[in-house]
Amino acid sequence: MRLEAEVIGKFESAGDCAKLLYAPIEGKLTYRRTRRYEIEFEGSEDSVKEFVDQVLVDHVSHEVHFGSSPALEGFSFHLDYGMKPTALDHEKETILRYHSELENPGFTFSSLKITTRLYIFDSDGHATADPFVRDIVNPAVHIWNVQAAGS
């Protein structure tokens, strides 16, 4: 079975995209950053949700959105990027190690994929993903995907 969870900062607002890029861009673009966890598992879905809720979410500053639909609305596109399966991923290894030390977690991981999602908001409608992929993604260690709103 599969479960997708997206962790969102409760108190974060959209930031200026100029902070993310090496070269200036046209227009007033803003972004929000979230963390996505794609979990393939065997066992109880409720146990997976409880694990995510207890281990990956800080209830003071985070919210969690379960499902494959985007957690936010009004964006022009989003860029998802994360470590290639062959690259060392400390967060993934730490989560899997912690899970393996639990007495009865109620599920086993088949796979865990962690990505950062950048939602790009563009009121002018002229934004392209190219500068974001060029300046943020390192093709030697990252996998990435760009998806337009509504697709």
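Here goes a summary of the coordinates provided. All figures in this text were calculated on a predicted structure; none of them were measured in a lab.

1. Re the environment of I95
- Mapped onto the elements, I95 comes out in helix α2 (residues 90–100).
- Sequence-distant contacts of I95, defined by excluding residues within four places in its chain, comprise Y37, F51, L56, F109, L112 and I114.

2. Re the nonpolar core
- In terms of nonpolar packing, the biggest core is built from 16 residues, with Y37, I39, V48, V52, I95, F109 and L112 touching the most fellow members.
- Every element with two or more residues in this core is listed here: β1 (2–9), β3 (29–43), α1 (45–56) and β6 (107–122).
- With near-sequence residues (within four places) excluded, L112 lies in contact with Y37, E38, I39, K92, I95 and L96.
- C17, L29, L118 and A129 belong to the second largest nonpolar core, which has 15 residues in total.

3. Thoughts on the side chain of T116
- Relative to the helices and strands, T116 is located in strand β6.
- A distance of 2.5 Å separates the side chain of T116 from the side chain of R35, its partner in a polar contact.
- In contact with T116, not counting residues within four places along its chain, are R33, T34, R35, L79, D80 and Y81.

4. Focus: the packing of α1 against α2
- With their axes 12 Å apart at the nearest point, α1 and α2 run at an angle of 115 degrees to one another. For the pair α1 and α2, the crossing hand works out as right-handed. Only I95, Y98 and H99 of α2 make contact with α1, whose side of the interface consists of F51, V55 and L56.
- Considered class by class, the residues forming the contact of α1 with α2 number five nonpolar, one polar and no charged.

5. What about the packing of aromatic side chains?
- The final tally for this structure, using the stated rule, is seven aromatic pairs.
- Consider the rings of F41 and F107, whose centres lie 6.4 Å apart with planes at 85 degrees: the pair is edge-to-face. Of the two residues, F41 sits in strand β3 while F107 sits in strand β6, which places them 66 residues apart along the sequence.
- The class of F107 is buried, set by a relative accessible area of 3%.
- Grouped by ring-pair contacts, the aromatic residues F41, F51, Y98, F107 and F109 constitute a single cluster.

6. With respect to the pattern of salt bridges
- Taken as a whole and judged by the stated rule, the model has 11 salt bridges.
- E4 serves as the salt-bridge partner of R36, at 2.4 Å between the closest nitrogen and oxygen. Linking R36 in strand β3 with E4 in strand β1, this pair joins segments that are 32 residues apart in sequence.
- By relative accessible area, E4 is classed as buried at 14%.
- In this structure, the salt-bridge partner of R134 is D135, at a minimum N-O distance of 3.0 Å.
- Relative accessible area serves as the criterion here: at 13%, D135 is assigned to the buried category.

7. Quick look at α1
- Over its 12 residues, α1 runs 16 Å from end to end, which matches the ideal 16 Å to within 8%, given 1.5 Å per residue.
- Among the residues of α1, S47, V48, F51, V52 and L56 are the ones counted as buried. All buried residues of α1 project into a common sector of 140 degrees when viewed along the axis, lining one side. Facing away from the buried side of α1 by over 90 degrees, the exposed positions are D46 and Q54.
- Contact partners of the buried residues in α1: β1, β3, β4 (62–66), α2 and β6.
- At the N-terminal end of α1, a side-chain oxygen is found 3.3 Å from the backbone nitrogen of D46, two or three residues along, and the residue is S44.

Each value, and the rule that gives it
- Residues numbered from 1 in each chain as written.
- Predicted model: local features only at pLDDT ≥ 70, side-chain atom pairs only at ≥ 80, totals over all residues.
- Heavy atoms only, no water.
- Helix = DSSP H or I, 4+ residues; strand = E, 2+ residues; numbered from the N terminus.
- Contact = heavy atoms within 4.5 Å.
- Core = buried A, V, L, I, M, F, W, Y, C linked by side-chain atoms within 4.5 Å.
- Buried < 20%, exposed > 50% of the residue type's maximum accessible area, 1.4 Å probe, protein only.
- Polar contact = N/O pair within 3.5 Å; in protein donor to acceptor, adjacent residues only side chain to side chain.
- Axes fitted to C-alpha atoms, helices over the stretch in contact; angles between N-to-C directions.
- Left-handed = near helix turned anticlockwise from the far one by under 90°.
- Nonpolar A, V, L, I, M, F, W, Y, C, P; charged D, E, K, R; others polar.
- Phe/Tyr/Trp six-rings, centres within 6.5 Å; stacked < 30°, edge-to-face > 60°.
- Salt bridge = Lys/Arg side-chain N within 4 Å of Asp/Glu carboxyl O.
- Expected span 1.5 Å × (residues − 1).
- Arc of directions from axis to C-beta.

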